[in-house]
Amino acid sequence: MGCLAMRILLVEDEPDLGAALERSLKREKYVVDWLKDGTEAWQFLEHDPHQYTVAILDWLLPGLSGIELCQRLRAQQNPLPVLMLTARDRMEDRVMGLDAGADDYLIKPFGMAELLARLRALQRRSLQIQPSQLQVGHLLLDYGTSTVSIASPVNYQTGNRQNIPLTAKEFQLLEYFMQYPNQILSRDQIIDRIWQAEADFNSNVVAAQIRLLRRKLAEYGYDHLIETVYGMGYKLTTQ
Ligand code: CA
């Protein structure tokens, strides 16, 4: 995703291993959501299925198992790359993991260097399976160039498009809205998606960022694309 941080879902219930993995991944500049329960992990995945680049799932977990999480993802046609962690090394377990839709697996104990190498391989794969463009209404987002272009409301029938100069944050925000068109995104959801990794977060920043994005869209004649839904959040309208 160009300039965007890679966000990883880590589901591991062993506290020492989970903490060590989280620390190593953060050191590599990944954004990490570490959960210890499979059912809670599924809530994260259902809530925003587009937010992760790779999932690292332990096999045996409280709540849903890593295998069940993987099966649920695939049942919803979600291609999120999955790296399965398992203490078992019997052949039938590996086969079961791959049958459930895992892309790769690591047998515990494993070295951090190996995990990071496998992760980079899955990340490359993730970039290949990601659609290269996202079109919503008159907006066209291009992942290859990390740009969003908009058809001019005056002459959009002629196919004239103009790139909107966006900051990295504005791009992330607009991408989020375009992934969920006509759905209300709450302030908390936006914070979680765009700013969760940042410590010095100021809660006024969402409204300020929305204002900046609206101003940019307005320059192209679209000042009503992002609606405020009073008391609930914001919505990208395509009507
Ligand atoms: Ca476990």
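Residues numbered from 1 in each chain as written. Predicted model: local features only at pLDDT ≥ 70, side-chain atom pairs only at ≥ 80, totals over all residues. Heavy atoms only, no water.

K.L.:
Explain the sheet that holds strand β9 (residues 161-164) to me, and be specific about the residues and the numbers.
P.N.:
With antiparallel pairing, four strands are arranged side by side in an open sheet as β6-β7-β8-β9. The two strands at the open ends of the sheet, each matched to only one other strand, are β6 (133-136) and β9. Strand-to-strand twist across the sheet, computed as the mean angle between neighbouring axes with direction ignored, equals 25 degrees. As paired elements, β6 and strand β7 (residues 139-142) share four bridges and run antiparallel to each other. Looking at the pairing, Gln 133 lines up with Asp 142 of β7. Sheet strands touched by helix α6 (residues 168-179): β6, β7 and β8 (147-151). Its angle to β7, the strand with the most contacts, is close to 115 degrees. (Pairing = 2+ DSSP bridges. Helix = DSSP H or I, 4+ residues; strand = E, 2+ residues; numbered from the N terminus. Axes fitted to C-alpha atoms, helices over the stretch in contact; angles between N-to-C directions. Contact = heavy atoms within 4.5 Å.)

K.L.:
Mind laying out the environment of Pro 15, listing which residues take part and the relevant values?
P.N.:
Its location among the elements puts Pro 15 in helix α1 (residues 15-27). Sequence-wise, Pro 15 and Ala 218 are 203 residues apart; in three dimensions their C-alpha atoms are separated by 49 Å.

K.L.:
So what's going on with the coordination of the calcium ion? Which residues, and what values?
P.N.:
Each protein donor to the calcium ion is listed here as Asp 13 (OD), Asp 58 (OD) and Leu 60 (O); together their distances run 2.1 to 2.3 Å. Mapped onto the polypeptide sequence, the residues donating to the calcium ion form the spacing pattern D-x44-D-x1-L. Residue Asp 13 is located in the loop between β1 (7-11) and α1, and its partner Asp 58 is located in strand β3 (residues 54-58); the two are separated by 45 residues in the primary sequence. Of the residues examined, Asp 13 reaches a relative accessible area of 29% and is grouped as partly exposed. (Donors = N, O, S within 2.8 Å, 3.2 Å for Na, K, Ca; no water. Buried < 20%, exposed > 50% of the residue type's maximum accessible area, 1.4 Å probe, protein only.)

K.L.:
Go over the pattern of salt bridges, please, and point to the residues and values.
P.N.:
If you walk through the whole model with that rule in mind, you get twelve salt bridges. Among the ionic pairs, Arg 118 bridges to Glu 114, the shortest N-O distance being 2.8 Å. Separated by four residues within a single helix, Arg 118 and Glu 114 lie in helix α5 (residues 112-129), roughly one turn from each other. In this structure Arg 118 comes out as partly exposed when scored by relative accessible area, which is 23%. Between Glu 170 and Lys 216 there is a salt bridge, with its nearest N and O atoms 2.6 Å apart. One end of the pair, Glu 170, is in helix α6; the other, Lys 216, is in helix α8 (residues 205-218), with 46 residues separating them in the sequence. Here Glu 170 matches Lys 216 in class, with each residue buried. A cluster of three or more residues bridged by salt bridges with shared partners is formed by Glu 12, Glu 14, Asp 58 and Lys 108. (Salt bridge = Lys/Arg side-chain N within 4 Å of Asp/Glu carboxyl O.)

K.L.:
Help me get a handle on the packing of helix α7 (residues 187-195) against α8, residues and values and all.
P.N.:
Helices that pack against each other are described as a pair by the angle of their axes relative to one another and the distance between those axes. It is the contact of α7 with α8, at a shortest axis distance of 10 Å, that shows an interaxial angle of 80 degrees. When the interaxial angle is binned, α7 and α8 end up roughly perpendicular. From α7, Arg 187, Ile 190, Ile 191 and Trp 195 reach across to α8, where they touch Val 205, Val 206, Gln 209 and Ile 210. Residues belonging to the contact of α7 with α8 are distributed by class as follows: six nonpolar, one polar and one charged. (Parallel < 35°, antiparallel > 145°, perpendicular 65-115°, else oblique. Nonpolar A, V, L, I, M, F, W, Y, C, P; charged D, E, K, R; others polar.)

Take it as geometry only, folks, not as evidence of what the structure does.
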